[in-house]
Amino acid sequence: MESRREKNPMTEGESDGLIAARRIQRLSLHLSPSLTPSPSLPLVQTETCSARSKKLDVNGEALPLYMRGKHIDIQEKIFDFFNSRPDLQTPIEISKDDHRELCMNQLIGLVREAGVRPFRYVADDPEKYFAIMEAVGSVDMSLGIKMGVQYSLWGGSVINLGTKKHRDKYFDGIDNLDYTGCFAMTELHHGSNVQGLQTTATFDPLKDEFVIDTPNDGAIKWWIGNAAVHGKFATVFARLILPTHDSKGVSDMGVHAFIVPIRDMKTHQTLPGVEIQDCGHKVGLSGVDNGALRFRSVRIPRDNLLNRFGDVSRDGTYTSSLPTINKRFGATLGELVGGRVGLAYASVGVLKISATIAIRYSLLRQQFGPPKQPEVSILDYQSQQHKLMPMLASTYAYHFATVYLVEKYSEMKKTHDEQLVADVHALSAGLKSYVTSYTAKALSVCREACGGHGYAAVNRFGSLRNDHDIFQTFEGDNTVLLQQVAADLLKRYKEKFQGGTLTVTWSYLRESMNTYLSQPNPVTARWEGEDHLRDPKFQLDAFRYRTSRLLQNVAARLQKHSKTLGGFGAWNRCLNHLLTLAESHIETVILAKFIEAVKNCPDPSAKAALKLACDLYALDRIWKDIGTYRNVDYVAPNKAKVCFLV
Ligand SMILES: Cc1cc2nc3c(=O)[nH]c(=O)nc-3n(C[C@H](O)[C@H](O)[C@H](O)COP(=O)(O)OP(=O)(O)OC[C@H]3O[C@@H](n4cnc5c(N)ncnc54)[C@H](O)[C@@H]3O)c2cc1C
């Protein structure tokens, strides 16, 4: 799907059919060099590296079917709709204001004309919702994010943090876009530290209303998507303030969520007491209207408290099934992980697009060659392969890992199982941060791998890079989220020694901790046969060993430092170690899911192709961290060398 309308200098002058045929032929030659190229296609046939690799005849239908599974139809419907509507495709040159309008019209077109209703799947079929998001994001990432704000953040907060009365009142309007809305959590002074929010919602028992206030400039809601132009409502996160029963003081019940109308339903004018400013030009996502919100004694009915985890009765009494502010806060944030799951999934979508563009171009582009012979494809250069092939393998790896995350998330929404909630929370934090950081770097590698033509706006790396960059920050800053993964691992590690149980994703720790406690085996450390290196058991053991070692060491360091520095200081002293631990754990989960996906693939040729990609992912990761493995003699020098060569 090419939504950016402009001629592509990489392929100018060629028909789409010819370009496609050339690509397929070149790809086939790389896989099976015995094929002769068609004389009608201008193709140079010096395939230096491919000639020495093993050839696979991959079933071109079975592999995509296995990857995209049951959601191909809805994704194709979305692509067909936008392909049939050039007026809804985003041009290269577009002003901020026009892009915002276009983005709203794209969303309206999707919902009201194409009849795709994402909100219906947010709660009941999240797998389908995320497939829609991936497809929509590939049309224009601004549209993907606009859709996410409307349905996952604004809509998701209403149905997940509210109760039946909220669902009954708001569902249809959110679904059909009559009730456009925002998710107003972040403030100027507090983004990551949500518990530090300062906006207040004070209960007025005389009028049975909450009064929403922005107490100072630092409490202005900032960066709020859909606020600058289109939103009619906002879910506002504010401290719930209740008068004490003797009416002499107040109690701060912590952060809660409230539905606050911000614009008139008919005139679209800003409502009294609400001030809205535009956050202005951004580095990317210019189709999303981010704004700032200030509240001056804005009154809302008591019913507008999203009261699933805490409620206020007519006389001002607070009730909750959860005993503490921290537990209520945890439950509230726990319900919002859907946004994070969506970002991880969408980020893999961006990686798929950019890796595909870079690899296809590298097959076609020719530079230099042996004397008096045709120039070679740039993908034949070892350096180009090292840039792009581990990336391709990682793309497959992250695809299967995020599919797994979405499955677990869907299961969690159905069962509300407590352990699963904790699992999904940590897994979504880890995968969101790991994958979005990887994709952000990969986008630069892809641009560079395509040379000067990679810099042409029409070839998309610029917009993809700018639009995607913020994925590393919103829905939780990556560095902050990785710490949550590390904290979760440490908690489970402690529980393990107290005889607690480990949930599925973490159960490997039990076994590998025991392995870790014994020294690495000096014999297997030297094994370098291909069968051994490609054995999933060796690969997974290596990943698990590294995570267990990091966990054991950082736990000991934290204990030591906390005696002198206190908990906060000790954590900060070990911060980089903790981040490495979290990444190592996430890589372990990713590899385990990839191995499982290879095993379950029904088509033999697709399975063989995936196995190659899986081996490349595993060995590349081991090689990248070879210092760690060498330091403890887990891998002997001869084996380290072979890991690199394989
Ligand atoms: C385009 C865009 C759209 C957005 N949309 C919305 C929206 O619709 N609704 C909404 O509520 N919010 C939205 N946000 C806000 C976004 O969620 C926050 O920017 C994000 O949560 C990070 O908070 P912050 O900006 O305050 O960063 P900070 O928390 O100030 O982080 C700054 C730096 O400090 C580091 N840091 C912070 N704490 C720690 C720590 N404990 N340990 C180590 N390092 C740390 C971070 O790693 C980061 O590098 C949006 C932001 C943008 C840019």
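Predicted model, so just to flag it, every value in this text is computed and none were measured. (Residues numbered from 1 in each chain as written. Predicted model: local features only at pLDDT ≥ 70, side-chain atom pairs only at ≥ 80, totals over all residues.)

A. Seen up close, the overall build of the protein. In terms of regular secondary structure, the protein is built from 21 helices and 11 strands. Out of the 646 residues in the protein, the part that is buried amounts to 41%. Within the protein, counting contacts between residues at least 6 apart in sequence, those at least 24 apart form 73% of the total. (Helix = DSSP H or I, 4+ residues; strand = E, 2+ residues; numbered from the N terminus. Buried ≥ 20, exposed ≤ 12 C-beta atoms within 10 Å, placed from the backbone. Contact = placed C-beta atoms within 7 Å.)

B. Molecular detail of the domain arrangement of the protein. In terms of domains, the protein is made up of domain 1 (182-324) and domain 2 (492-646). Centre-to-centre, using C-alpha coordinates, domain 1 lies 44 Å away from domain 2. (Domains from an automatic or database assignment.)

C. Quick peek at the site of the ligand. By nearness alone, 19 residues border the ligand, and Met-185, Thr-186, Gly-191, Ser-192 and Gly-225 come closest of all. Element by element, the count of residues in the shell around the ligand is highest for strand 4 (residues 221-225), at 3 residues. Considering only residue class, the shell around the ligand consists of 10 nonpolar, 7 polar and 2 charged. (Near = placed C-beta within 6 Å. Nonpolar A, V, L, I, M, F, W, Y, C, P; charged D, E, K, R; others polar.)

D. Structural context of the environment of Ser-297. Structurally, the position occupied by Ser-297 is in the loop between strand 8 (290-295) and strand 9 (298-301). Judged by the 11 C-beta atoms lying within 10 Å of it, Ser-297 falls in the exposed class. Taking the C-alpha atoms as reference points, Ser-297 and Gln-472, 175 residues apart in sequence, are found 35 Å from one another.

E. Focus on the environment of Glu-528. Following the sequence through the fold, Glu-528 ends up in the loop between helix 15 (508-517) and helix 16 (530-533). Judged by C-beta crowding, with 17 C-beta atoms within 10 Å, Glu-528 ranks as partly exposed. For the pair Glu-528 and Ala-640, spaced 112 residues apart in the sequence, the C-alpha separation amounts to 8.5 Å. Leaving out residues up to four positions away in the same chain, Glu-528 has contacts with Leu-533, Asn-638, Lys-639 and Val-642.

F. Structural detail: the UniProt feature "domain: Acyl-CoA oxidase C-terminal" (unreviewed entry) in the protein. Here, the residues flagged by UniProt with the feature "domain: Acyl-CoA oxidase C-terminal" (unreviewed entry) are residues 535-640. Summarising residues 535-640: 90% helix, 0% strand, and an end-to-end C-alpha distance of 16 Å. (UniProt positions renumbered as here; feature names shortened; annotations may be inferred.)

G. Quick look at the pairing of strand 5 (residues 233-243). Pairing geometry for strand 1 (residues 181-184) and strand 5, over 4 bridges, is parallel. Pairing of Phe-183 across the sheet is with Thr-235, part of strand 5. Here strand 2 (residues 200-204) pairs with strand 5 via 3 bridges, running parallel. In the strand pairing of strand 5, Ala-201 is matched with Leu-240. (Pairing = 2+ DSSP bridges.)

H. Up close: the UniProt feature "domain: Acyl-CoA oxidase/dehydrogenase middle" (unreviewed entry) in the protein. When the UniProt feature table is mapped onto this chain, "domain: Acyl-CoA oxidase/dehydrogenase middle" (unreviewed entry) is found at residues 182-298. Helix and strand shares over residues 182-298 are 0% and 45% respectively, and the end C-alpha atoms of the span are 17 Å apart.

I. Broad picture of the nonpolar core. Among the nonpolar cores identified, the biggest contains 155 residues, and Ala-234, Phe-258, Leu-293 and Phe-594 are the most heavily contacted of them. Taken domain by domain, the makeup of this core includes at least three residues from each of domain 1 (182-324) and domain 2 (492-646). Once residues within four sequence positions are removed from consideration, Leu-293 is found in contact with Ala-184, Ile-220, Lys-221, Ile-224, Ala-227, Ala-234, Ile-262, Val-274 and Ile-276. (Core = buried A, V, L, I, M, F, W, Y, C linked by C-beta atoms within 7 Å.)

J. Looking closely at the pairing of strand 4. For strand 4, the buried fraction is high: 5 of the 5 residues fall into the buried class. Pairing of strand 4 with strand 8 involves 3 bridges; the strand directions are antiparallel. Bridged to Ile-224 within strand 8 is Gly-291.

K. View of the packing of helix 11 (residues 382-415) against helix 18 (residues 575-600). For the pair helix 11 and helix 18, interaxial distance at closest approach is 8 Å and the crossing angle is 95 degrees. With respect to each other, helix 11 and helix 18 are oriented roughly perpendicular. In this structure, helix 11 uses Tyr-396, Ala-397, Tyr-398, Phe-400, Ala-401 and Tyr-404 to contact helix 18, whose residues at the interface are Val-589, Ile-590, Lys-593, Phe-594 and Ala-597. Residues belonging to the contact of helix 11 with helix 18 are distributed by class as follows: 10 nonpolar, no polar and 1 charged. (Axes fitted to C-alpha atoms, helices over the stretch in contact; angles between N-to-C directions. Parallel < 35°, antiparallel > 145°, perpendicular 65-115°, else oblique.)

L. Region of the structure containing unusual backbone geometry. Not every positive phi belongs to a glycine, and Leu-177 is a case in point at roughly 75 degrees. Along the chain, Leu-177 turns up in the loop between helix 8 (164-175) and strand 1. At Trp-223, a residue that is not glycine, the phi angle is positive and equals roughly 70 degrees. Topologically, Trp-223 is positioned in strand 4.

M. Structural detail: the sheet that holds strand 4. Sheet architecture is open: 3 strands sit in the order 4-8-7, paired in antiparallel fashion. Two strands lie at the open edges of the sheet, namely strand 4 and strand 7 (274-278), each paired on one side alone. Recorded for the sheet is a direction-independent mean angle of 35 degrees between the axes of neighbouring strands.

N. Fine view of the confidence of the model for the protein. Looking at the protein, pLDDT values average 89 and 87% of them are 70 or higher. Taken together, the stretch residues 31-52 has pLDDT below 50 and engages in 37 contacts with residues farther than four places along the chain or on a different chain. Model confidence for the complex: the whole-complex pTM is 0.91, and ipTM, which rates the interface, is 0.99. (pLDDT = per-residue confidence, 0-100.)

O. Focus on the packing of helix 11 against helix 19 (residues 604-624). Across the interface, helix 11 lies against helix 19 with an axial gap of 8 Å and an inter-helix angle of 110 degrees. Of the possible angle classes, the one that applies to helix 11 and helix 19 is roughly perpendicular. The residues of helix 19 that touch helix 11, namely those facing Met-389, Pro-390, Leu-392, Ala-393, Ser-394, Tyr-396 and Ala-397, are Leu-610, Ala-613, Leu-616, Tyr-617 and Asp-620. Considering only residue class, the contact of helix 11 with helix 19 consists of 10 nonpolar, 1 polar and 1 charged.

P. Just helix 11, in detail. Taking 1.5 Å of rise per residue, 34 residues should cover 50 Å, and helix 11 covers 49 Å from first to last C-alpha, within 8% of that figure. A positive backbone phi angle near 55 degrees is found at His-416, which sits one or two residues after helix 11. (Expected span 1.5 Å × (residues − 1).)

Q. Examining the environment of Gly-109 more closely. Inspection of the secondary structure puts Gly-109 in helix 4 (residues 96-113). By C-beta crowding, Gly-109 is classed as partly exposed, having 18 other C-beta atoms within 10 Å. Separated by 28 residues in the primary sequence, Gly-109 and Phe-81 have C-alpha atoms spaced 8.8 Å apart.

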